[in-house]
Amino acid sequence: AQRVTQPEKLLSVFKGAPVELKCNYSYSGSPELFWYVQYSRQRLQLLLRHISRESIKGFTADLNKGETSFHLKKPFAQEEDSAMYYCALSHTGFQKLVFGTGTRLLVSP
Amino acid sequence: DAEITQSPRHKITETGRQVTLACHQTWNHNNMFWYRQDLGHGLRLIHYSYGVQDTNKGEVSDGYSVSRSNTEDLPLTLESAASSQTSVYFCASSESKGAAGELFFGEGSRLTVL
């Protein structure tokens, strides 16, 4: 069965500090991994996907198949990064996503 | 601009009542999804559809049904509302085929079952 685990419910850091939001998954096939973000009073939206290998708003995430992880990282957190972050997984070629329980990131000044 | 809209945004109902949450998208996406968001559980898939007349159960489908009579709409019906169905419901849509694409989410519908 597909499962996405985000062990931290809340991550609180100071502005300028590095951030790492953890995501581990269990899946026997070849998954596609995503990070979605929900800012206050905004819709849930895609932040980045592993196949794109891109950096969005300073965030990066590397798929580590050996550790079955897809951690989200940013070297210097900003206050506007405060939001709810969800890691999600899909089976290659299929559209439906399985989401983790989410991590709330709080960046303090 | 194309978008996805949900209605009602807020609903209070009583146990045992039938409730329908509407979802309408104007992107002409074939894929549509309903998720519920609960503290400690994140987003869980209720039902999904890959096209007209296609519907599939997700991981928490008991007590819910959907129908897909056209491309634009995927209404979610709670046949007999229960307090355990108090939640925030999100509809989403995406393009079809190939690699999983970006899901576009509605603003959510907050349902309270008393």
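For the structure, check the block above.
All values derive from a computational prediction rather than experimental measurement.

Caption draft 1: How the structure looks around the state of the cysteines. Within the structure shown, the criterion is met by two disulfides over all chains. Here Cys23(A) engages in a disulfide with Cys87(A); their sulfurs sit 2.0 Å apart. Sign of the S-S torsion, about -65° for the bond between Cys23(A) and Cys87(A), identifies this disulfide as left-handed. Of the two residues, Cys23(A) is situated in the loop between β3 (19-21) and β4 (24-26) and Cys87(A) in strand β9 (residues 83-91); the sequence distance between them amounts to 64 residues. We note that Cys23(A), like Cys87(A), is buried. Paired by a disulfide, Cys23(B) and Cys91(B) hold their sulfur atoms 1.8 Å apart. One quick way to see it: the torsion about the S-S bond of Cys23(B) and Cys91(B) is about -75°, and its sign makes the bridge left-handed. In this pair, Cys23(B) is assigned in strand β3 (residues 19-25) and Cys91(B) in strand β9 (residues 87-94), connecting sequence segments 68 residues apart. Here the two residues Cys23(B) and Cys91(B) agree in accessibility, since each one is buried.

Caption draft 2: Expanded view of the interface of chain B and chain A. Contacts between chain B and chain A engage 27 residues on the former and 19 residues on the latter. Summing both partners gives a buried area of about 1,900 Å² for chain B against chain A, and 53% of it is carried by carbon and sulfur. Between chain B and chain A we count one salt bridge in total. A salt bridge links Glu107(B) to Arg43(A), with the shortest nitrogen-to-oxygen separation between them at 3.8 Å.

Caption draft 3: Geometry of the pattern of salt bridges. All names here are of chain A. Summed over the entire model, instances satisfying the criterion amount to eight salt bridges over all chains. In this structure, Glu20 engages Lys22 in a salt bridge whose closest nitrogen and oxygen atoms are separated by 3.0 Å. Looking at Glu20, the relative accessible area reads 29%, which means it is partly exposed.

Caption draft 4: The environment of Val19(B), seen in detail. Residues and elements named next belong to chain B. One can find Val19 in strand β3. Residue Val19 is classed as buried on the basis of its relative accessible area, which comes to 2%. Distance in space between the C-alpha atoms of Val19 and Ile46 is 15 Å, their sequence separation being 27 residues.

Reading guide: rules and limits
Residues numbered from 1 in each chain as written. Chains lettered and ligands numbered in written order. Predicted model: local features only at pLDDT ≥ 70, side-chain atom pairs only at ≥ 80, totals over all residues. Heavy atoms only, no water. Disulfide = S-S within 2.5 Å. Helix = DSSP H or I, 4+ residues; strand = E, 2+ residues; numbered from the N terminus. Buried < 20%, exposed > 50% of the residue type's maximum accessible area, 1.4 Å probe, protein only. Contact = heavy atoms within 4.5 Å. Buried area = accessible area lost by both parts, 1.4 Å probe. Salt bridge = Lys/Arg side-chain N within 4 Å of Asp/Glu carboxyl O.

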